[in-house]
Amino acid sequence: MSVPAPPSQHRSAKPGRAAPVVPLAVLVVTAAAAGAVAAVAPASARSWALATVLGAWLCVAVTVVVSALLLRRARRQNLRLGAEAQQARAQSAQTAGETAHLVTVTVPAVVKRLRDGTSANDAVTGVTPPSDPQLRQLLHVFAAAMEEQVRHAVTAGAELRQAREESGRAAAELRRLTDETLPTAVTRLREGHSAETVLAELDWPGLPLLRAPAESFVRELARSERRAAAAQAASAKALSRVQAKAVSMLADLREMQERHGEEVFGDLLKLDHSTSQLGLMTDRLALLMGGRSSRAWNKPIVMESILRGAVGRIAAYQRVRLHCSTGAAVTGFAAEGVMHLLAELMDNAANFSPPIDEVNVYVEERSAGIVVTIEDSGLKMAAAAMRRAEEAVSGRMTDLATLQGTRLGLAVVGRLAVKYGISVNFRPSSRGGTGVVVLLPRQLLAQQRDPAPRRSPARHAAPAPEPAPARAELPEARPAPPAPLPEQPAPPRPAATEATPNGLPVRTPGRTMAEAEREREQRRDPRGETERTTRPDTAATRDAGARFGAFHRGRRSGRGTTGPDDRTAPEPPAAP
Amino acid sequence: MRRPVDTGDPDRLYTVTGGRSRADDDFDLVTLVVSESEPTAGMQSEHARILDLCRHPTAVVEIAAELKLPITVVRILLGDLLAMGRITARHPRAAQSLASLPDSALLKEVLHGLRNL
């Protein structure tokens, strides 16, 4: 038995309502038919016919009644089923509505409230819960999970913020460490402070991650600084011994050159030259190592001697031409430095020019001081090389680490230039090579003194109108004698005691006879010149005594060189 | 060990002679030297001093003593000057004659002077 479709309900309802009428009509019709049959039936058969008709009618009646009953039942069931279907449809519609509400309204509201920080229970109770328990359950589960997620997200955010802050702090400390603390520490260490002092007085970062490497860096740097300083001091000390030895060797050699004759003179000069070069090398190293020069002069040194002292220290001294006509002198304290500086520059010039070309050194006196120009005719220096050289001689690169290989000379020049305020400039030379211009400032020059007492007395005896051109040219530039006189002429001695009544000179100790003789001559200067020129014989005889004294002394100093001359010694020198 | 200051001269002798160590000329100790010209500007200072010194005839030994230089160096320098024609040298032997010898009175004077030295 199938449940009829709802649309067919109406169709079946009308016959349903008509149903009690139809069976009744059937019963009435059949009863009438049966009566008719019974009425028409012959009397004989009436009883049988009546029974049969009655029986048939009963059968029809029963069938009609049963079918009517069945139909009614079916109709009722149909109605029930329709109602049930209706209810189910309504229920499903409600469920759909609730679901939609849940999805579009409740869940977003719950999510929002959870995000705002309310707990899952509060959030769920704050919204209208769906009537469906399963949906309610779903909402609860969702809210719990969501709450968990939100809490998680919040803690993660906090952690992230904290981590960011920490890393920002660390970055700031690191920046301060690299920008301020470490440079200061390096400077302090270079100044000679110990690692402990530096660690104590500076503000080090609190982060152990930064502090530990910074501390170990400072300690390591302090150790290496100490090591470098110790090595430097040790080499300076060792070099000072070599320097002292070289200086004493030079003194010994000079003495031997005086003592020995021509046979060994050349060899002695060669040794002297080697020792002088050695002296330059040791001085160079000593200056770089913070030591001192091997020599110090206690008197002004004239420029000519300065140049010679400089040129004597380089290997190719014979290729250097000195052009010096000034009589200016460099003060004692700066003389050695100037000599070393010029020697390095000359060495450089000689090394970087062809071995057949000369190196010319010019000295000019200017208002700013003395200008020494060293010109070679070698290759022109490239612009970069010249810039490097300028930088090297500027003295800015004082760090030993910037030295390259064996080319130490210019670094030494730079140090000396800074020490004495000397300016050193490179420029292309008009002769094709490179020129170095060295300006010795005025304060390095000896005080200009009255040159008169320094002239040797013989010059006073010379005719006044024709002074020596060399001296006339630069009369104001003569703070010192043309050549260094180790013993400066003493202040004028009492003239009265200088000669015997006979006119012979009296030699005071420490003076050569010739000197005494010249002074005597100077005393009689007014007539001296004419006397000497007009009466040569008298002058000659008078000079003979003086000459003998000098000759005697000269023999002593020239001993060993003059074997054959000894023979002629007793002979009195002839008059001119 | 180390002297505080140096009192000598910075010039080495080979820079004075320009590296030469042997004199080519036959100057001996008593050769008399006379300058023939005045020193000029830019001249080596030793040359200038020799020219100054030899305004009147001076023996080589005396020049050496005056310049405080070894005889060999002085001879080299004198050789330079001679080559330049700035000095003339006179060998004593050439001028040796009885007439030019000092008389006995002078010799006595010398002796007296020597005793007083």
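Residues numbered from 1 in each chain as written. Chains lettered and ligands numbered in written order. Predicted model: local features only at pLDDT ≥ 70, side-chain atom pairs only at ≥ 80, totals over all residues. Heavy atoms only, no water.

**Considering the overall build of chain A**
Within chain A, the secondary structure is distributed over 18 helices and seven strands. For chain A, the proportion of its 576 residues judged to be buried stands at 38%. For chain A, long-range pairs separated by at least 24 residues make up 68% of all intrachain contacts whose partners lie at least 6 apart in sequence. Surface summary for chain A: the accessible area is close to 32,000 Å², and the carbon and sulfur share equals 61%. (Helix = DSSP H or I, 4+ residues; strand = E, 2+ residues; numbered from the N terminus. Buried < 20%, exposed > 50% of the residue type's maximum accessible area, 1.4 Å probe, protein only. Contact = heavy atoms within 4.5 Å. Areas by Shrake-Rupley, 256 points an atom, 1.4 Å probe, with all protein chains shown as cover.)

**Overview of the environment of Leu341 of chain A**
Residues and elements named next belong to chain A. The residue Leu341 is located in helix H10 (residues 332-351) in this model. With 57 residues separating them in the primary sequence, Leu341 and Arg284 have C-alpha atoms 9.7 Å apart. Once residues within four sequence positions are removed from consideration, Leu341 is found in contact with Val413, Leu416, Ala417, Ile422, Val424 and Val438.

**Structural notes on helix H5 (residues 133-190) of chain A**
All names here are of chain A. End to end, H5 covers 82 Å across 58 residues, agreeing with the expected 86 Å (1.5 Å per residue, within 8%). At Leu177, H5 shows its largest bend, some 45°. Every buried residue of H5 is accounted for by Leu135, Leu139, Ala143, Met146, Val150, Leu177, Thr181, Leu182, Ala185, Val186 and Leu189. Put simply, Asp132 is the residue that caps the front of H5, since its side-chain oxygen is 3.2 Å from the backbone nitrogen of Gln134. (Expected span 1.5 Å × (residues − 1). Bend = angle between axes of the 7 residues up to and from the residue. Polar contact = N/O pair within 3.5 Å; in protein donor to acceptor, adjacent residues only side chain to side chain.)

**So, the pattern of salt bridges**
A side chain of one charge can pair with a side chain of the opposite charge if their charged atoms are brought near each other. Residue and element names in this part refer to chain A. Scanning all chains against the criterion turns up 28 salt bridges over all chains. Close ionic contact of Arg211 with Glu215 constitutes a salt bridge, the shortest N to O distance being 2.9 Å. Of this pair, Arg211 and Glu215 both sit in helix H7 (residues 208-259), four residues apart, which is roughly one turn of that helix. For Arg211, a relative accessible area of 33% translates into the label partly exposed. Because the salt bridges share partners, they merge into one network encompassing Glu196, Arg211, Glu215 and Arg219. (Salt bridge = Lys/Arg side-chain N within 4 Å of Asp/Glu carboxyl O.)

**Quick notes on the side chain of His273 of chain A**
By the element assignment, His273 of chain A lies in helix H8 (residues 262-288). Reaching out from His273 of chain A, the side chain makes a polar contact with the backbone oxygen of Ile314 of chain A at a distance of 2.7 Å. If near-sequence neighbours (up to four positions away) are discounted, His273 of chain A is found in contact with Gly312, Ile314, Ala315 and Tyr317 of chain A together with Tyr14 of chain B.

**Thoughts on the sheet that holds strand E5 (residues 369-375) of chain A**
The strands making up a sheet associate through hydrogen bonds between their backbones, and the pairing can be parallel or antiparallel. Residues and elements named next belong to chain A. An order of E2-E4-E5-E7-E6 is seen for the five strands of this open sheet, with the pairing classed as mixed. With partners counted over all chains shown, the strands left at the sheet margins are strand E2 (320-323) and strand E6 (423-428), one partner each. On average, each strand axis in the sheet is inclined to that of its neighbour by 20°, with strand direction left out of account. Summarising the sheet, E5 and strand E7 (residues 434-441) pair through seven bridges and their orientation is antiparallel. Residue pairing for E7: Gly369 is matched across the bridge by Pro441. Docked against the sheet, helix H11 (residues 383-393) engages E6 and E7, running at close to 170° with respect to E6. (Pairing = 2+ DSSP bridges. Axes fitted to C-alpha atoms, helices over the stretch in contact; angles between N-to-C directions.)

**So, the packing of helix H3 (residues 60-67) of chain B against helix H4 (residues 71-84) of chain B**
All names here are of chain B. Two numbers describe how H3 lies on H4: the axes approach to 9 Å, and their chain directions differ by 110°. The pairing of H3 with H4 is recorded here as roughly perpendicular in orientation. From H3, Val60, Val61, Ile63 and Ala64 reach across to H4, where they touch Ile71, Val74, Arg75 and Leu78. Among the residues making up the contact of H3 with H4, the classes are represented as seven nonpolar, no polar and one charged. (Parallel < 35°, antiparallel > 145°, perpendicular 65-115°, else oblique. Nonpolar A, V, L, I, M, F, W, Y, C, P; charged D, E, K, R; others polar.)

**A look at helix H2 (residues 45-53) of chain B**
Burial within H2 of chain B is extensive, with nine of its nine residues counted as buried. Within H2 of chain B, the full set of buried residues consists of Ser45, Glu46, His47, Ala48, Arg49, Ile50, Leu51, Asp52 and Leu53 of chain B.

**Some details on the nonpolar core**
All names here are of chain A. Core analysis: the biggest nonpolar cluster contains 83 residues, and Leu342 and Val372 have the highest contact counts within it. Not counting residues within four places of it along the chain, the set of residues in contact with Leu342 comprises Ile306, Leu307, Ala310, Val372, Ile374 and Val438. Formed by 14 residues, the second largest nonpolar core is a distinct cluster that contains Val186, Val198, Leu199 and Leu202. (Core = buried A, V, L, I, M, F, W, Y, C linked by side-chain atoms within 4.5 Å.)

**Some thoughts on a nonpolar patch on the surface**
Residues and elements named next belong to chain A. Together, Val21, Val22, Val26 and Val60 make up an exposed nonpolar region whose accessible area comes to about 280 Å². Element by element, the count of residues in the nonpolar patch is highest for helix H2 (residues 21-40), at three residues. The residue Val21 is located in helix H2 in this model. (Patch = residues over 30% accessible without salt bridge, like charges linked within 9 Å, V, L, I, M, F, W, Y side chains within 5 Å.)

**Regarding the confidence of the model for chain B**
Residue and element names in this part refer to chain B. In the predicted model, chain B carries a mean pLDDT of 83, and the fraction of residues at 70 or more is 85%. Model confidence for chain B, summarised as mean pLDDT per element, is weakest for strand E3 (residues 87-90) at 87 and strongest for H3 at 91. The ipTM, which scores confidence in the relative placement of chains, is 0.77 for this predicted complex, and the corresponding pTM is 0.59. (pLDDT = per-residue confidence, 0-100.)

**Digging into the sheet that holds strand E2 (residues 58-59) of chain B**
All names here are of chain B. Taken in spatial order, the three strands of this open sheet run E2-E1-E3, and their pairing is antiparallel. Of all the strands in the sheet, just E2 and E3 have a single pairing partner and so form its edges. Here strand E1 (residues 32-35) runs beside E3; their pairing, made up of four bridges, is antiparallel. Among the inter-strand pairings, Ser35 is bridged to a residue of E3, identified as Ile87.

**A short note on the environment of Ser423 of chain A**
Residue and element names in this part refer to chain A. Within the secondary structure, Ser423 sits in strand E6. With a relative accessible area of 29%, Ser423 lands in the partly exposed category. Along the sequence, Ser423 and Val437 sit 14 residues apart, while their C-alpha atoms lie 7.9 Å from each other. Other than its neighbours up to four places away in sequence, Ser423 contacts Val437, Val438 and Leu439.

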